[in-house]
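In case you want the letters, here they are:
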Amino acid sequence: MTHIVQAMVPGPKSMENLRFLLRFRRDPISALQELAQTYGDIVHIKLGEQHAYLLSHPDVIRDVLVVHHQQMHKPNLQQQPLGGNGLLRSEGDFHKRQRRMMQPAFHRKRITTYAQVMTEYTQQMSGRWNDKQQIDIAQEMMGLTLSIISKTMFGAEVEQDTQTVYNSFTTWMRLNSAHRFSPLDHALNSLPLPRKKQQAEARAQLDTIVYRMINERRASGKDNGDLLSMLLLARDEEGGGDGMTDQQLRDEVMTLFLAGHETTANALAWTWYLLSQYPEVEETLQRELDTVLAGRTPTPDDISNLPYLEKVFTEAMRLYPPAWVTARRSLDIYQVGTFTLPANSLLITSQYVVHHDARWYPDPQRFDPERWTAEARAQRPKFTYFPFGGGPRLCIGEPFAWMEGELVLATLAQNGACAWLQDKKSRWNR
């Protein structure tokens, strides 16, 4: 039997660990960065009685997410996850079944049919802006991506519900994020705190809207060519031909709704911020768009001819990855280099920490799209960049997110958004 010695793995001890936990509550990203910089690529921390390990080397991350993924489960870090038992949370054979059934909805040919929705909604939004207006770009991107996912999910505008959905999602995420990864979370959730009632109300509002959409579509029996139709028609051909229950449809819809608007909106908002701070990048991007598009609306076929656009969006997600941390729980004893970690260890990898590691990205705080030439990519290990995760649990909506982000970016830049942001540069705060 392997003898496990926790002290072998470097990391903060006693009071240092407590200081880390307090700092993590205030500023989790900088707390994780400091851990990696102080102790190295494998760091042991205590979260209450839980042994946790921050893993920051790309080879180790690949080992966790790809090579030994069958030894890992997603940890239950939320008491009442909004997506229920959707793809983000489900495990084992059930997860494989759901992903197999849902995969056709995200094939490239399918998602290209949503491109017109993305560009039209973007043009409608920018058409409401004027030169004298001060806008909250993060809120605008949230509203835009919410409208896009609503249309592509349900096939028809749900304008009467849009504000309710936006407010409910925002409320739930704000209350949930305050206790993510907290070792006190289980204890706090046993108390009748006001946030529990607010979360429950937000969830109930979302459930009412989503179940209504599912019931209406089942009753109509129509294939509207949208994501909901694809999910309703999906059958597990390898497992008896059954479809999804209303509960599972609800969980998958809620998961896609959450992932399909919040992450892309954040990525876009940070991209606009960075373009406002680096006018030379904006000018290069604008020249490419002017040359390739010459003022017309971009299409999916244009993306391959806009390499600098891709570099800009890629670099923005390096600096500000929409998902900044990923976690797994080891099912058995797990060997990492010379260290043997106990079963049930919480394994934490941080996209933000790795994306800002000077070993892979010299001057890591600088916004430099030229990091993404083919030659530069080839010199870095694969998991030095993983904004959408990796392995069998790679985000199923990654192709959708890339197409949406690049089309929105190209469309807004075509309509003068970059110049507008440069005029408002003094209003941005780092």
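For clarity, every value in this text was computed on a predicted model and none was experimentally measured.

Glancing now at the packing of helix α7 (residues 137-154) against helix α17 (residues 398-414). In a packed pair of helices, the relevant descriptors are the angle between the two axes and the axis-to-axis distance. The interhelical angle for the contact between α7 and α17, taken along N-to-C directions, is 125°, at an axis separation of 12 Å. Taken together, the axes of α7 and α17 are oblique relative to one another. Considering how the two elements wind past one another, α7 and α17 form a crossing that is right-handed. Between α7, through M141, L144, T145, I148, I149 and T152, and α17, the contact on the second element is made entirely by F400, E404, V408 and L412. When the residues that make up the contact of α7 with α17 are grouped by side-chain class, the tally is seven nonpolar, two polar and one charged.

This part takes up the pattern of salt bridges. Two side chains bearing opposite charge may form a pair once their charged atoms approach each other closely. Counting across every chain of the model gives 18 salt bridges. Between R100 and D236 there is a salt bridge whose closest N-O contact spans 2.8 Å. Of this pair, R100 sits in helix α4 (residues 92-102) while D236 sits in the loop between α11 (227-233) and α12 (246-277), placing them 136 residues apart in sequence. For R371, the salt bridge goes to E315, with nearest N and O atoms at 2.9 Å. With R371 in the loop between α15 (351-355) and α16 (374-378) and E315 in helix α14 (residues 307-319), this residue pair connects regions lying 56 residues apart in the sequence. What you see here is one network of salt bridges that share partners, running through D41, D357 and R359.

How each quantity is defined
Residues numbered from 1 in each chain as written. Predicted model: local features only at pLDDT ≥ 70, side-chain atom pairs only at ≥ 80, totals over all residues. Heavy atoms only, no water. Axes fitted to C-alpha atoms, helices over the stretch in contact; angles between N-to-C directions. Helix = DSSP H or I, 4+ residues; strand = E, 2+ residues; numbered from the N terminus. Parallel < 35°, antiparallel > 145°, perpendicular 65-115°, else oblique. Left-handed = near helix turned anticlockwise from the far one by under 90°. Contact = heavy atoms within 4.5 Å. Nonpolar A, V, L, I, M, F, W, Y, C, P; charged D, E, K, R; others polar. Salt bridge = Lys/Arg side-chain N within 4 Å of Asp/Glu carboxyl O.

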